[in-house]
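# Summary of the model geometry
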Amino acid sequence: MKRYDYLIVGAGLFGAVFAYCARKAGKTCLVIDKRPHLGGNIYCENIEGINVHKYGAHIFHTSDKEVWDFVNSIVEFNRYTNSPVANFKGKLYNLPFNMNTFYQMWGVMTPDEAKARIEEQKAEALAMLDGREPANLEEQALTLVGRDIYERLIKGYTEKQWGRPCTELPAFIIRRLPVRMVFDNNYFNDSYQGIPIGGYNKLIDGLLEDTDTIISTDFFELKRHETVEDDGTRTIAFPDGCMEAINYDRLVFTGKIDEFYDYRYGKLEYRTVRFEEEVLDTPNYQGNAVVNYTEREVPYTRVIEHKHFEMFGEEIGKCTRTVISKEYSTEWTDGMEPYYPVNNERNNRLYQKYRELADKETDVIFGGRLAEYKYYDMAPIVKKVLAMFKQA
Ligand code: FAD
Ligand code: UDP
């Protein structure tokens with residue numbers, strides 16, 4: 001019988017950082033995942049010598065030096081800087097909204113000229129609101145950047161991404177897009193960003209080095225073979241004998257919180273993304289990692305060309321083929337990957353009910369984007385786990 005301090009359900013970033021910190025604290029962990037690989041959503045598959053982000057493009061970014069130093073202590077990061085380009089009806093615009101975008105949009109060359117154009121358009125929107133706060137995403141966007149940018153770069157993309165008209169979406173979604181009066185196409189305001197050299201699998205493998213892991217194993221299937229002894233020790237006898245029986249003291253759960261409670265109050269909703277992957281016989285398809293298609297008529301939201309995350313300059317040509325993924329944002333149903341929580345009133349209320357159950361558990365830790373039903377970037381996940389171990 002093998003004994004572990006923690007059984008960790010989910011080999012994504014939360015589970016992997018938790019396992020790493022626990023091991024450093026002298027604890028033993030077994031990490032299981034139902035997928036046939038480790039890494040959760042940051043997993044990459046090597047195709048034609050290119051690390052393909054199988055669950056959507058991931059760019060690590062943070063201003064937190066402790067988080068940055070931590071991930072770099074596991075694997076060094078490269079100098080990738082995210083600077084997406086938007087394609088609207090065949091014309092290209094730089095993102096985020098900055099002096100390059102304003103020049104491409106209106107031909108303005110100075111910050112004063114750009115400000116004047118935006119103020120002119122914002123005035124129209126503010127007059128329409130007549131003193132009240134923006135009530136939805138459309139009103140928020142019009143008061144932040146005006147009609148030209150809203151109609152060419154925001155409306156179509158957002159409606160495709162969320163599957164709803166901008167007038168029915170909350171204003172906060174758009175508030176995080178920076179508007180800059182300098183010629184700076186860096187999408188993030190953070191001090192640090194990059195991609196692990198050699199890909200995200202290196203980060204996960206480094207975190208899980210010396211930790212026992214099992215893939216292709218669903219926790220709920222295993223749980224059917226679990227017994228709890230009088231002293232609270234939990235024992236799992238593996239159904240197919242693939243592993244000797246184990247017992248463990250505490251559970252770390254990073255799967256869906258509603259599933260953990262057998263959906264007793266109902267199901268939480270998500271948006272999901274379908275990826276259409278193509279290998280192309282050209283060394284350089286679009287000249288950039290990310291190109292957003294902001295018009296409604298193009299069915300996908302963006303095209304990712306994976307090699308540009310890790311290959312720069314002459315390296316690009318040396319790899320004679322390329323891999324692209326077209327992203328289609330769709331409604332989620334059972335069996336699909338749950339990507340983005342839909343934090344509307346109904347779902348937030350439902351989550352609170354599950355949260356109350358979770359708060360009563362004494363030997364289960366719930367963490368990560370599915371267990372907390374929260375859109376989490378990678379850096380805050382790392383931060384959260386590091387903080388948990390500092391407290392302990
Ligand atoms: P996950 O990576 O989802 O890991 C959870 C794991 O639990 C999964 O592997 C799952 O298979 C497993 N699991 C669930 N239920 C069970 C079960 N019953 N039994 C066994 N295993 C189970 N963040 C950024 O910082 N930058 C980005 O550019 C970025 N881009 C993103 C793009 C997309 C399309 C998405 C969806 C997210 C993006 N993120 C990005 C967020 C990032 O993916 C998350 O912060 C991070 O992956 C969360 O890690 P996690 O461990 O909580 O979840
Ligand atoms: N957005 C947009 N046009 C773009 C890119 C983004 O209108 O070309 C909007 C869209 O509403 C999106 C929001 O900005 O939901 C946040 O985009 P970001 O890329 O920061 O978020 P992510 O797609 O990573 O969740």
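First things first, this report covers the structure right here in the doc. (Residues numbered from 1 in each chain as written. Chains lettered and ligands numbered in written order. Predicted model: local features only at pLDDT ≥ 70, side-chain atom pairs only at ≥ 80, totals over all residues. Heavy atoms only, no water.)

## Brief notes about the overall build of the protein chain
Regarding its fold elements, the protein chain presents 13 helices and 18 strands. Taken over the C-alpha trace, the protein chain has a radius of gyration of 23 Å; the compact-globule value for 392 residues is 21 Å, and the two agree within 12%. In terms of overall dimensions, the protein chain has C-alpha extents of about 75 × 55 × 35 Å along its principal axes. When burial is assessed residue by residue, the protein chain has 54% of its 392 residues classed as buried. Contacts spanning at least 24 positions in sequence make up 71% of the contacts within the protein chain whose residues lie at least 6 apart. Working note: accessible area of the protein chain is about 18400 Å², and carbon and sulfur atoms make up 48% of it. (Helix = DSSP H or I, 4+ residues; strand = E, 2+ residues; numbered from the N terminus. Rg over C-alpha atoms; globule rule 2.2 N^0.38 Å. Buried < 20%, exposed > 50% of the residue type's maximum accessible area, 1.4 Å probe, protein only. Contact = heavy atoms within 4.5 Å. Areas by Shrake-Rupley, 256 points an atom, 1.4 Å probe, with all protein chains shown as cover.)

## Some points on the packing of aromatic side chains
To describe a pair of aromatic rings, one takes the distance between the centres and the angle between the planes. Taken as a whole and assessed by the stated rule, the structure comprises 30 aromatic pairs. Between Tyr-6 and Phe-18, the aromatic rings sit 5.0 Å apart at their centres with planes inclined by 85°, giving edge-to-face as the arrangement. Residue Tyr-6 is located in strand β1 (residues 2-9), and its partner Phe-18 is located in helix α1 (residues 13-24); the two are separated by twelve residues in the primary sequence. The residues Tyr-6 and Phe-18 share a single accessibility class, namely buried. Residues Phe-260 and Phe-366 carry aromatic rings whose centres are separated by 5.1 Å and whose planes lie at 80° to one another, so their mutual orientation is edge-to-face. (Phe/Tyr/Trp six-rings, centres within 6.5 Å; stacked < 30°, edge-to-face > 60°.)

## Remarks on the pairing of strand β12 (residues 246-253)
Across the eight residues of β12, six count as buried, placing the element largely inside the fold. Pairing of β1 with β12, which is carried by seven bridges, proceeds in the parallel orientation. What sits directly across from Ile-8, in β12, is Val-252. As paired strands, strand β11 (residues 234-236) and β12 are joined by three bridges and run antiparallel to one another. Across the sheet, residue Ile-236 finds its bridge partner in β12, namely Ile-246. Across three bridges, the pairing between β12 and strand β18 (residues 364-366) is parallel. Looking at the pairing, Phe-253 lines up with Phe-366 of β18. (Pairing = 2+ DSSP bridges.)

## Description of the site of ligand 1
Taken together, the neighbourhood of ligand 1 is formed by 29 residues, with Asp-33, His-58, Arg-369, Tyr-376 and Met-378 sitting nearest. Within the backbone of Leu-13, a nitrogen or oxygen atom sits 3.2 Å from an oxygen atom of ligand 1. One nitrogen or oxygen atom from the main chain of Lys-34 is found 3.1 Å from a nitrogen atom belonging to ligand 1. For ligand 1, the accessible surface in isolation is 1000 Å², of which the surrounding protein chains cover 97%. Looking at the shell around ligand 1, the elements with two or more residues in it are α1, α9 (219-223) and α13 (378-391). For the shell around ligand 1, a count of residues per class yields 14 nonpolar, nine polar and six charged. (Near = heavy atom within 4 Å. Polar contact = N/O pair within 3.5 Å; in protein donor to acceptor, adjacent residues only side chain to side chain. Nonpolar A, V, L, I, M, F, W, Y, C, P; charged D, E, K, R; others polar.)

## What about the pattern of salt bridges?
What the rule picks out here adds up to 34 salt bridges. Residue Asp-69 pairs with Lys-65 through a salt bridge whose shortest N-O separation is 2.8 Å. Here Lys-65 and Asp-69 lie together in helix α2 (residues 65-74), a separation of four residues that amounts to about one turn. According to the relative accessible area criterion, Lys-65 is partly exposed, its value standing at 48%. Where Arg-355 meets Asp-359, a salt bridge forms, and the shortest distance between an N and an O atom there is 3.1 Å. Taken together, the residues span about one helical turn, with Arg-355 and Asp-359 both in helix α12 (residues 345-360) at a distance of four residues. (Salt bridge = Lys/Arg side-chain N within 4 Å of Asp/Glu carboxyl O.)

## Notes on the layout of surface pockets
Approximately 210 Å³ is the volume found for the second largest pocket. Lining the second largest pocket are Tyr-6, Phe-18, Ala-25, Lys-27, Arg-250, Ile-365, Met-388, Phe-389, Gln-391 and Ala-392. Here the lining of the second largest pocket is built from residues that sort into seven nonpolar, one polar and two charged. (1 Å grid on protein atoms, 1.4 Å probe; cavity = no way out; pocket = protein on both sides within 12 Å on 5 of 7 lines; lining within 4 Å. Points joined across faces, edges and corners; volume = space filled by probe spheres on them.)

## Thoughts on the nonpolar core
Leu-13 and Phe-60 are the most contacted members of the largest nonpolar core, which has 48 residues in total. Breaking this core down by element, the ones donating at least two residues are β1, α1, β2 (29-32), α2, α8 (200-208) and α13. The dominant element in this core, judged by the number of residues it contributes, is α1, at nine residues. (Core = buried A, V, L, I, M, F, W, Y, C linked by side-chain atoms within 4.5 Å.)

## Observations regarding the side chain of Gln-121
Tracing the sequence through the fold places Gln-121 in helix α4 (residues 111-129). In contact with Gln-121, not counting residues within four places along its chain, are Trp-106, Val-145, Gly-146, Arg-147 and Asp-148.

## Quick notes on the environment of Tyr-354
Positionally, Tyr-354 belongs in helix α12. Overall, Tyr-354 belongs to the buried group, its relative accessible area being 0%. The residues contacting Tyr-354, other than those within four sequence positions of it, are Ile-257, Asp-258, Tyr-261, Tyr-263, Arg-264, Tyr-265 and Gly-266.

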